[in-house]
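Here are the chains, one letter per residue:
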Amino acid sequence: MVTRAESAAATRRALLDAAAELLDLGGPEAVTLREVGARAGVSRGAPYRHFTGKDSLLTAVVTEGWERIADQVHALRTDETLSASEKMRGALRALIGFGREQPHLYLMLFRRRGHRPEELGEGLDRVRRQLCGPESDPIAERMRAAGRFQGEFLPIVTDLVGERNTRHYGALLLAGAHGIADMELSGHLSTEGLRTTADDLVDTLVRMVADVGENA
């Protein structure tokens, strides 16, 4: 017999999956609680029992995105058969692959302050959050998940360039990966354009940074 908690968890899972699918299909504008509920096959009021509004729902989807990337980087970091350069190439390719497969969600991961879903705020969403509040803080959960990714990524950078240079070159590597992902999505890395590939650029970027680390 399914318990109430199990039923609630299954509904929440269905809502998150439906929201992620709609986001993939049409971006944030395609995600509404009515469409999410219909796609998930639940009652019209069900989404509001799990999320204060569209913003908190999208924030939960973003949180799960960070968790998936962190899981991939953790697997790379703890793989003793890989060198630091191989781990870094794998981590950057994981990021770029995420952008390739789910571009709308990927862009939401890196939105600057004031443009994140929980900071945009629909009017009704704000009111619901103030009146009843969610069971957990979606903003804190997103920040924790993003911090977990950083906690997995930076030790790989340290192994590559040394502790003194970790933050600087970590930022450079992430900026490079983000730029590569954007260039690939825009078609500028095709044979008709710059005539290179994301993998080739990742190899070059990691090799250059590793060389600096060895000589630092």
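Fair warning: this is a prediction, and the values are worked out from it, not measured in the lab.

## Looking at the nonpolar core
Among the nonpolar cores identified, the biggest contains 52 residues, and Met-88, Leu-92, Phe-153 and Leu-173 are the most heavily contacted of them. Elements that contribute at least two residues to this core include exactly α1 (4-26), α2 (33-40), α4 (54-77), α5 (84-101), α6 (103-109), α9 (138-161), α10 (166-185) and α11 (198-215). Once you skip the residues sitting within four places of it in the chain, Phe-153 turns out to touch Val-73, Met-88, Ala-91, Leu-92, Gly-170, Leu-173 and Leu-174.

## A closer look at the packing of aromatic side chains
With the rule as written, the count across this model stands at four aromatic pairs. Arranged with centres 5.2 Å apart and planes meeting at 40 degrees, the rings of Trp-66 and Phe-149 form a pair that is tilted. Pair noted here: Trp-66 is in helix α4 and Phe-149 is in helix α9, with a separation of 83 residues, a long-range link. Relative accessible area serves as the criterion here: at 6%, Trp-66 is assigned to the buried category. Ring plane angle 20 degrees and centroid distance 5.6 Å describe the contact between Phe-149 and Phe-153, whose orientation is recorded as stacked. Placement of both Phe-149 and Phe-153 in helix α9 is noted, with a separation of four residues, approximately one turn of the helix. Side by side, Phe-149 and Phe-153 carry an identical accessibility label, which is buried.

## Topic: the pattern of salt bridges
Counted under the stated rule, the structure contains twelve salt bridges. Residues Glu-184 and Arg-100 are paired through a salt bridge, measuring 2.8 Å at the closest nitrogen-oxygen approach. With a gap of 84 residues between them, Glu-184 in helix α10 and Arg-100 in helix α5 connect regions that are remote in the sequence. When the shortest N-O distance is used, the salt bridge between Glu-141 and Arg-144 registers 3.5 Å. With Glu-141 and Arg-144 both in helix α9 and three residues apart, this pair spans about one turn of that helix. Glu-141 gets classed as partly exposed once you look at its relative accessible area, which sits at 33%.

## A short note on α10
Here α10 contains 20 residues, and its C-alpha end-to-end distance of 28 Å stays within 8% of the 28 Å for a straight helix at 1.5 Å per residue. The set of residues buried in α10 consists of Thr-166, Tyr-169, Gly-170, Leu-173, Gly-176, Ala-177, Ile-180 and Ala-181. Down the axis of α10, the sector holding all buried residues measures 135 degrees, keeping them to one side. Those residues of α10 that are exposed and angled more than 90 degrees off the buried face are Arg-167, His-168 and Ala-175.

## A short note on the environment of Gln-72
Position of Gln-72 relative to the elements: it lies in helix α4. For Gln-72, a relative accessible area of 36% puts it in the partly exposed group. Taking C-alpha positions, Gln-72 is 7.1 Å from Ala-94, a pair spaced 22 residues apart along the chain.

## Side note on the confidence of the model for the chain
Looking at the chain, the pLDDT average stands at 87 and 85% of residues meet or exceed 70. In this model residues 118-134 is a low-confidence stretch, pLDDT under 50, and it forms 29 contacts with partners more than four residues away in sequence or in other chains.

## Side note on the packing of α4 against α9
Interhelical geometry of α4 versus α9 gives an angle of 20 degrees and a closest axis separation of 8 Å. Comparing their axes, α9 and α4 come out roughly parallel. Once α4 is placed against α9, the crossing between them reads as left-handed. The class makeup of the residues in the contact of α4 with α9 is 13 nonpolar, four polar and eight charged.

Parameters at a glance
- Residues numbered from 1 in each chain as written.
- Predicted model: local features only at pLDDT ≥ 70, side-chain atom pairs only at ≥ 80, totals over all residues.
- Heavy atoms only, no water.
- Core = buried A, V, L, I, M, F, W, Y, C linked by side-chain atoms within 4.5 Å.
- Buried < 20%, exposed > 50% of the residue type's maximum accessible area, 1.4 Å probe, protein only.
- Helix = DSSP H or I, 4+ residues; strand = E, 2+ residues; numbered from the N terminus.
- Contact = heavy atoms within 4.5 Å.
- Phe/Tyr/Trp six-rings, centres within 6.5 Å; stacked < 30°, edge-to-face > 60°.
- Salt bridge = Lys/Arg side-chain N within 4 Å of Asp/Glu carboxyl O.
- Expected span 1.5 Å × (residues − 1).
- Arc of directions from axis to C-beta.
- pLDDT = per-residue confidence, 0-100.
- Axes fitted to C-alpha atoms, helices over the stretch in contact; angles between N-to-C directions.
- Parallel < 35°, antiparallel > 145°, perpendicular 65-115°, else oblique.
- Left-handed = near helix turned anticlockwise from the far one by under 90°.
- Nonpolar A, V, L, I, M, F, W, Y, C, P; charged D, E, K, R; others polar.

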